[in-house]
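Residue strings, one per chain:
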Amino acid sequence: MSDPVIPVPPTAAKDTNCSASDYRDLYNHSLEKSERFWLDQADRLDWIKRPTVAGNWSYAPKVDIKWFEDGQLNACWNCVDRHAVATPDKTALIFEPDDPASDGRRFTYAQLKDEVARFANVMKTLGVARGDRVTIYMPMVPEAVFAMLACARIGAVHSVVFGGFSPHALRDRIEDCESDFLVTADIGKRGGKTVPLKQNVDAALSETPRVKSVLVVQVGDGSAAMTDGRDHWLHDVSAGVDNDCPCAPMEAEDPLFILYTSGSTGKPKGVLHTTGGYLLWTAMTFAYGFDHRDDDLFFCTADVGWITGHSYVAYGPLANGATQLIFEGVPNYPANDRFWQIVEKHGVTILYTAPTAIRALMADGDAPVKKHDRSSLRLLGTVGEPINPEAWRWYSDTVGEGRVPVVDTWWQTETGGIMLTTLPGAHDMKPGWAGLPMFGIEPLLVDNDGKPLEGAAEGNLCIRRSWPGQARTVYGNHARFEQTYFSTYEGLYFSGDGAKRDEHGYYRITGRVDDVLNVSGHRMGTAEIESALVLHPDVAEAAVVGFPHSVKGQGIYCYVTPNAGVDISEELEQTLRQHVRSEIGPVATPDHIHLTRALPKTRSGKIMRRILRKIAENETSSLGDTSTLADPEVVDALIAGRKGD
Ligand code: WT7
């Protein structure tokens, strides 16, 4: 526990909105006078009706979470209109296209308001009403953000599906949330390649009777096939639609969005966030977590298909009236200096990205970074997976020239926003350690029996009390919500992560303790990949585990038993890899398919995943107890046939 500590850079401490002593006072206040603290924080938002109560929640015997329940507000008003009134000419969005040679776009808050209001009116003409679920399957273009905000404006509930998901995955998500409306684009552009979004939509909709209207944003040449009566080009429907569209008054606990995420069992679940608490949480965590200043240019590299793109692209920055950059492309196109070229071109002050991108760029050395002026940067952030200290150091020293703070922010789809971090102007940094709890957050570590651990310790990471940004339910399945997060340790929210705590109260996330993988910062359930594999007619059984991967964090290792009579072949491996891609999407592409005639099982027939994990990790000298195996020879065969280096 003697990892090196890096002090707050003096420039970061100088103008901070929260010093170390501010943090201590405010953190204590947030726990001791929680109601007062949150009602004060609520002033960050414009309310149609101010709330008179903050938290009203219970984790047991039933899970029932409400925040600011008698308040009324509109999220779009708070992210757009109020700034269009106060700072109409301030830039809200800068769009950097995939191809640096094509034209970017820029929107002031006044222009953003017009775009979003017109978008909302278009949705209304298609029949979208308050409470309806609208699926958004879009590339990273400004219209993706307009669509989300337009839903919020009229009280519709968006469900954004990442553009890298397959037609099947899209269909499942449409059906699960009973969505009758879809917003998409003809194509997406990423790294010089074309993603056939509209084609994927057509394939998905050919398998479900749902979805009455599809709104299509033109990104490509406009040649996409359109189904009469169902599909509408945005530019056609929006012609003549005016930009006057009132913001619907919403109850604080009205749903704002659903976002699907993977768990250790079953299909992905639709995590539901509501309006008041979520918006306040993203607004507050953005302001403190990034020590936001008026003249910042914030660049979060996440796609709106993930929670990071919701909380720190669509909602948090805009709720603060910030200027942000959204990027259509990838870090290595047209070359591996693209991020730094963008930083230089636009004068980015805060960069928020994932460890996987940092590791990939680090592998290309310092030259691409040093080619560009990065003097505008004053803060670097990471999110999504544990960052190894070497990558942290490179980010800090090479990208940040050792002069700017690095924040390692731990949070989850279910937490809505940042939960653990160091504050840029307040806290010393420890590479590999996320840091301290955000205001109102009371983390604790428990052992496997649920016994709380004191002081420096390692255990399962739980959160004791509710916070405004917490998910409220799993859409259509509250029992699953209770079961997944609140039944493992009574009275606690269980994150699914393991963590260490040092003597200063800093937390270091050690990774998932359940059957969830984190591949390039993308969350994936091993069960989901297994279900996809066994759908293939040649597959009898499959077991999927993760293994350490130098760039992706974790890789996907699949053990597959083919049906009797099916040959074990290279060809079948390829087929199955392709099969998983088309069932779930390219994000779930297996690194290794290990075909085997048998899997290690206990005498009662349970697959011994612990052993499979060890083999995938190449830790075969520490397999542990194999005496309960029905057939120990299976293990030797698997070790001999291990895939990878
Ligand atoms: C899981 C949540 C947070 C938004 C993006 C991912 C892992 C997230 C960190 C971090 C170590 C991290 C955890 C968590 N994770 N941030 N800073 N250090 N691990 O959201 O898809 O819901 O995934 O990502 O394992 O449980 P998500």
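Refer to the structure printed above.
Because the structure is predicted, anything quoted here is derived from the model rather than measured.

*Asks:* Looking at this model, I keep getting lost on the overall build of the protein. Mind explaining?
*Replies:* Helix and strand counts for the protein stand at 20 helices and 32 strands. By the compact-globule yardstick of 26 Å for 645 residues, the protein fits well, its C-alpha radius of gyration being 24 Å. Each of the three principal axes of the protein carries a C-alpha extent, and together these read 70 × 65 × 60 Å. By residue count, 60% of the 645 residues in the protein fall in the buried class. Counting contacts in the protein only where the partners sit at least 6 residues apart, residues at least 24 apart contribute 72% of the total. Counting only carbon and sulfur atoms, one obtains 49% of the accessible surface of the protein, whose full area is about 23600 Å². Here the protein holds 64 positive side-chain charges and 86 negative ones, and the gap between their average locations is 2 Å.

*Asks:* What's the story with the nonpolar core in this structure? I'm lost.
*Replies:* Burial of nonpolar side chains together is a common tendency in soluble globular proteins. Counting residues in each nonpolar core, the largest one holds 160 residues, and the members touching the most others are F68, M123, Y315, F439, I529 and L533. Sorting elements by how many residues they give to this core places helix α6 (residues 142–154) first, with ten residues. Look past the residues within four positions of L533 in its chain and what remains in contact with it is V539, A542, V544, C558, V560, L576, H579, V580 and I593. One finds V343, A357, W392 and V406 within the second-largest nonpolar core, a separate group that totals 27 residues.

*Asks:* How do you make sense of the pattern of salt bridges when you look at a structure like this?
*Replies:* Pairing between side chains of opposite charge can happen when the charged atoms of each approach one another. Going through the model one piece at a time under the given rule, you end up with 40 salt bridges. As a salt-bridge pair, R403 and E401 come within 2.8 Å of each other at their nearest N and O atoms. The closest approach of N and O atoms between R465 and E442, which form a salt bridge, is 2.9 Å. Of this pair, R465 sits in the loop between β24 (457–463) and β25 (473–474) while E442 sits in the loop between β22 (436–437) and β23 (443–446); the two residues are 23 residues apart in sequence, bridging distant segments of the chain. Using a relative accessible area of 21% as the deciding quantity, one classes R465 as partly exposed. A single salt-bridge network, built from bridges that share partners, covers R171, D172, E207 and K267.

What counts and how
Residues numbered from 1 in each chain as written. Predicted model: local features only at pLDDT ≥ 70, side-chain atom pairs only at ≥ 80, totals over all residues. Heavy atoms only, no water. Helix = DSSP H or I, 4+ residues; strand = E, 2+ residues; numbered from the N terminus. Rg over C-alpha atoms; globule rule 2.2 N^0.38 Å. Buried < 20%, exposed > 50% of the residue type's maximum accessible area, 1.4 Å probe, protein only. Contact = heavy atoms within 4.5 Å. Areas by Shrake-Rupley, 256 points an atom, 1.4 Å probe, with all protein chains shown as cover. Lys, Arg positive; Asp, Glu negative; His and termini not counted. Charge placed at Lys NZ, Arg CZ, Asp CG, Glu CD. Core = buried A, V, L, I, M, F, W, Y, C linked by side-chain atoms within 4.5 Å. Salt bridge = Lys/Arg side-chain N within 4 Å of Asp/Glu carboxyl O.

Read these as geometric descriptors, not functional statements.
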